[in-house]
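# A closer look at the structure
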Amino acid sequence: MGHVIIIFGGSGDLTKRKLIPALYRLYEKGELGHNVRILGVGRSSYSHDEYRAHLSISDGAMSDEFLSTLFYLTADPAEESTYKLLKEILFQFKETNYLFYLATPPSLYETIAVNLEKVSLHKENFAEDGIKSGTRRIIVEKPFGYNLDSAVKMNSILKRVFREGQIFRIDHYLGKETVQNILALRFANSIFEPIWNRNYIESVEITAVENMGIENRGGFYDKVGALRDMVQNHLIQLLALVAMEPPIIFEDKEFRDEVVKVYNSLKPLNSYEIPQNVIRGQYIAGEKGGIMAKAYREENGVASDSLTETFLAMRVNISNWRWEGVPFYIRTGKQMPTKVTEIIIHFKQTPHRLFSCRENCPAHNQLVIRIQPNEGIVLKYDVKIPGGGFNVTQVPMEFVYDKISGLSDDAYARLILESLNGESTLFTRSDAVEASWRYFDKILSYWEKHPETPLYGYPAGSWGPLESEKIISRPTGWSNPCKNLTNTNLYCEL
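Here goes a summary of the coordinates provided. Owing to the predicted nature of the structure, the values given are computational and were not obtained by experimental measurement. (Residues numbered from 1 in each chain as written. Predicted model: local features only at pLDDT ≥ 70, side-chain atom pairs only at ≥ 80, totals over all residues. Heavy atoms only, no water.)

### Thoughts on the packing of aromatic side chains
In this description, a pair of aromatic rings is defined by centroid distance and the angle of the planes. This structure, assessed with the given rule, holds 19 aromatic pairs. Between the aromatic rings of Tyr-98 and Phe-100, the centroid separation amounts to 6.2 Å while the plane-to-plane angle is 70°, which identifies the pairing as edge-to-face. Assessed through its relative accessible area of 3%, Tyr-98 is described here as buried. The class of Phe-100 is buried, set by a relative accessible area of 0%. Here the aromatic residues Tyr-221, Tyr-283, Tyr-296, Phe-311 and Tyr-458 are joined through ring pairs into a cluster of three or more. The ring of Tyr-146 has Arg-228 lying over it, and the distance from NZ or CZ to the ring centre is 3.5 Å. Arg-280 extends its terminal NZ or CZ atom over the ring of Trp-447, reaching a point 4.9 Å from the ring centre. (Phe/Tyr/Trp six-rings, centres within 6.5 Å; stacked < 30°, edge-to-face > 60°. Buried < 20%, exposed > 50% of the residue type's maximum accessible area, 1.4 Å probe, protein only. Lys NZ or Arg CZ within 6 Å of the ring centre and 35° of its normal.)

### Concerning the nonpolar core
One finds Ile-6, Phe-8, Leu-86, Leu-239, Met-314, Phe-328 and Ile-343 to be the most contacted residues of the largest nonpolar core, which totals 141 residues. With twelve residues, the top contributor of residues to this core is helix α9 (residues 225–243). Apart from residues lying up to four places away in sequence, Leu-86 is in contact with Ile-6, Phe-8, Leu-39, Val-41, Leu-73, Leu-116 and Leu-121. (Core = buried A, V, L, I, M, F, W, Y, C linked by side-chain atoms within 4.5 Å. Helix = DSSP H or I, 4+ residues; strand = E, 2+ residues; numbered from the N terminus. Contact = heavy atoms within 4.5 Å.)

### Let's talk about unusual backbone geometry
The residue after Lys-142, namely Pro-143, is reached through a cis peptide bond having omega 5°. On the secondary structure map, Pro-143 appears in the loop between β7 (136–141) and α6 (148–161). Here Gln-372 and Pro-373 are connected by a cis peptide whose omega angle stands at 10°. Relative to the assigned elements, Pro-373 resides in the loop between β16 (366–372) and β17 (376–384). The phi dihedral of Ser-120 is positive, around 65°, even though this residue is not glycine. Among the structural elements, Ser-120 can be located in the loop between α5 (109–118) and β5 (127–128).

### Points about the pattern of salt bridges
Pairing is possible between side chains that carry opposite charge, provided their charged atoms lie close to one another. Within this structure, the stated rule accounts for 21 salt bridges. The salt bridge involving Lys-334 is made with Glu-210; its shortest N-O contact spans 2.5 Å. Within this pair, whereas Lys-334 is found in the loop between β14 (328–333) and β15 (340–347), its partner Glu-210 is found in the loop between β9 (201–209) and α8 (218–221), the two being separated by 124 residues in sequence. When its relative accessible area of 7% is taken as the criterion, Lys-334 is described as buried. Classification of Glu-210 by relative accessible area gives partly exposed; the value is 21%. Here the residues in one salt-bridge network are Lys-253, Asp-257, Arg-429 and Asp-431, joined through shared partners. (Salt bridge = Lys/Arg side-chain N within 4 Å of Asp/Glu carboxyl O.)

### Comments concerning the environment of Asn-216
Within the secondary structure, Asn-216 sits in the loop between β9 and α8. Residue Asn-216 is classed as exposed on the basis of its relative accessible area of 73%. Each C-alpha atom, one on Asn-216 and one on Asn-300, is 6.8 Å from the other, the two residues being 84 residues apart in sequence.

### Here we look at the packing of α6 against helix α14 (residues 430–449)
Look at α6 against α14: their axes get within 9 Å of each other, and the N-to-C directions meet at 170°. For the element pair α6 / α14, the angle class is roughly antiparallel. On α14, the residues touching Leu-148, Ala-151, Val-152, Asn-155 and Lys-159 of α6 are Ser-430, Val-433, Glu-434, Trp-437, Arg-438 and Asp-441. In terms of residue class, the contact of α6 with α14 is built from five nonpolar, two polar and four charged. (Axes fitted to C-alpha atoms, helices over the stretch in contact; angles between N-to-C directions. Parallel < 35°, antiparallel > 145°, perpendicular 65-115°, else oblique. Nonpolar A, V, L, I, M, F, W, Y, C, P; charged D, E, K, R; others polar.)

### Thoughts on the environment of Lys-123
Mapped onto the elements, Lys-123 comes out in the loop between α5 and β5. Looking at Lys-123, the relative accessible area reads 32%, which means it is partly exposed. Between the C-alpha atom of Lys-123 and that of Arg-136, which follows or precedes it by 13 residues, the distance is 6.6 Å. Excluding residues within four positions of it along the chain, Lys-123 makes contact with Ser-133, Gly-134 and Arg-136.

### Comments concerning helix α2 (residues 48–56)
Along α2, the residues classified as buried are Tyr-51, Arg-52, His-54 and Leu-55. Buried residues along α2 cover an arc of 160° about the axis, so they all sit on one side. On its buried face, α2 is in contact with α1 (13–28), β2 (36–42), α3 (64–67) and β3 (70–74). (Arc of directions from axis to C-beta.)

### Details of the sheet that holds β7
With parallel pairing, the six strands of this open sheet are ordered in space as β3-β2-β1-β4-β7-β8. Each edge of the open sheet carries a strand with a single partner, namely β3 and β8 (167–170). Sheet twist, expressed as the average angle between the axes of neighbouring strands with direction ignored, equals 20°. With five bridges joining them, strand β4 (residues 97–102) and β7 adopt parallel strand pairing. Its bridge partner lying in β7, Tyr-98 is registered against Arg-136. Along the sheet, α2 contacts β2 and β3; its crossing angle with β3, the most-contacted strand, is approximately 115°. (Pairing = 2+ DSSP bridges.)

### Re the side chain of Lys-176
Summarising the element assignment, Lys-176 is placed in the loop between β8 and α7 (177–187). For the buried Lys-176, no salt bridge is present, and the opposite-charge side chain at shortest range is Glu-375, 5.9 Å distant. Discounting residues that sit within four places of it in the chain, Lys-176 has contacts with Ile-371, Gln-372 and Ala-411. (Lys, Arg positive; Asp, Glu negative; His and termini not counted.)

### Here we look at the pairing of strand β13 (residues 311–316)
Burial within β13 is extensive, with five of its six residues counted as buried. Where strand β10 (residues 278–284) lies against β13, four bridges are found, and the strand directions are antiparallel. Its bridge partner lying in β13, Arg-280 is registered against Leu-312. With six bridges joining them, β13 and β14 adopt antiparallel strand pairing. Across the sheet, residue Val-316 finds its bridge partner in β14, namely Phe-328.

### Notes on the sheet that holds β10
Strand order in the open sheet made by the nine strands is β18-β17-β16-β15-β9-β14-β13-β10-β19, with mixed pairing throughout. Every interior strand has two partners, whereas the edge strands, β18 (392–400) and β19 (456–459), have only one. With direction set aside, neighbouring strand axes in the sheet form an average angle of 20°. As defined by bridge partners, β10 adjoins β19 across four bridges and the pair is classed as parallel. Bridge pairing in β19 links Ile-284 to Pro-459. Against the sheet, α7 engages β15, β16 and β17, with an angle of about 150° to β16. Along the sheet, α9 makes contact with β9, β13, β14, β15 and β16, crossing β14 at roughly 145°.

This is the structure we're talking about:
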């Protein structure tokens, strides 16, 4: 039996830029099989041929064979009548395994699930009109809720309609090869596992920044902000991979159990600690590459008095045996000098310094895990400078994916294939969503109750507000990556 992939929001930007190209790559590799149908559902009016032409513009290399698998239903996902039409179309296909992809605003997630239930499209192994259903799975894009209450409500409705094993909450960061390699780096190498704890690690930095603004997403972003858009899901997932205990076996339940344990170990911030440990900012006009970039409040769809944060830096502490006393610093922002996502493990200094240095004295040993754009790993360690005396300097030892065998398919392709196969390891479980929100909800509630909380302006093209440096206990402050990142040079200094 083949699959029908139903994309709600089929005429949207996510579908055109990410989902269809990912599905095409899977199709060309034969991983979707040739009994696949892709059905877009959206309010924009298209015939099947017009829809194929619309999507083919995003990748002119798409084959006619693949385009012939694309179909379209002009209908509003918010209307109950849509689902009767949808069911009629699906019954015309021979394929009986359905994957529903919710590429819509989060406000429609619950509506779509409830309406699928009303026409029995959620049921597995269910015979109707002589047709026996196959698998039924649903992919939900982040954000998984707006706060704790909304996340609990969403989970409740989704789990009433579908089993947890049918629900795939997608975070494309977990589909990235380098993110998954964090686990291999930690748990497959005896040189790292014994020192991956509070005895040898001084601090951990996690940075995910972009060198552009919000583009045409002002109406969406102004209601969300950096904490909801990046920190509560992407960055806390990265933190969990760095901090988690090794699962007994690498299966979905055991792996996700360890992730939830990390979230439950996050030390809550009280009302005194939040302003000391969480710094928010918003970009103002600034020069980038000789061109003036406009301020956030000047973007389309953004309120002129908006208090939405486009930058957030915070210190997170984990209360457990392995990490007690080790600060995790996380940072994200728009309109930064470069686009980069990386994790830096700062190791403690040796207890006694034997050697001297003339200039550029080495910092602590560091392990840099670069997730994008040039995926790889750098270990920075000290060596003796040739010549007389015992003066030391720091040098890098690099591993870059492009120098070895390149990277596998993009994150969306990997995760879509995993969901088709029913593999849920790299997807977020409901209890993890709620555990994460329990921690971050206190920060959102504090901002709501204290609108006077500073929102620091920072010029576009800078590394964010200077006030963010005060949460770093290290004298050198944040580690700012290079502006000019290339696939052949992972290690560089500003």
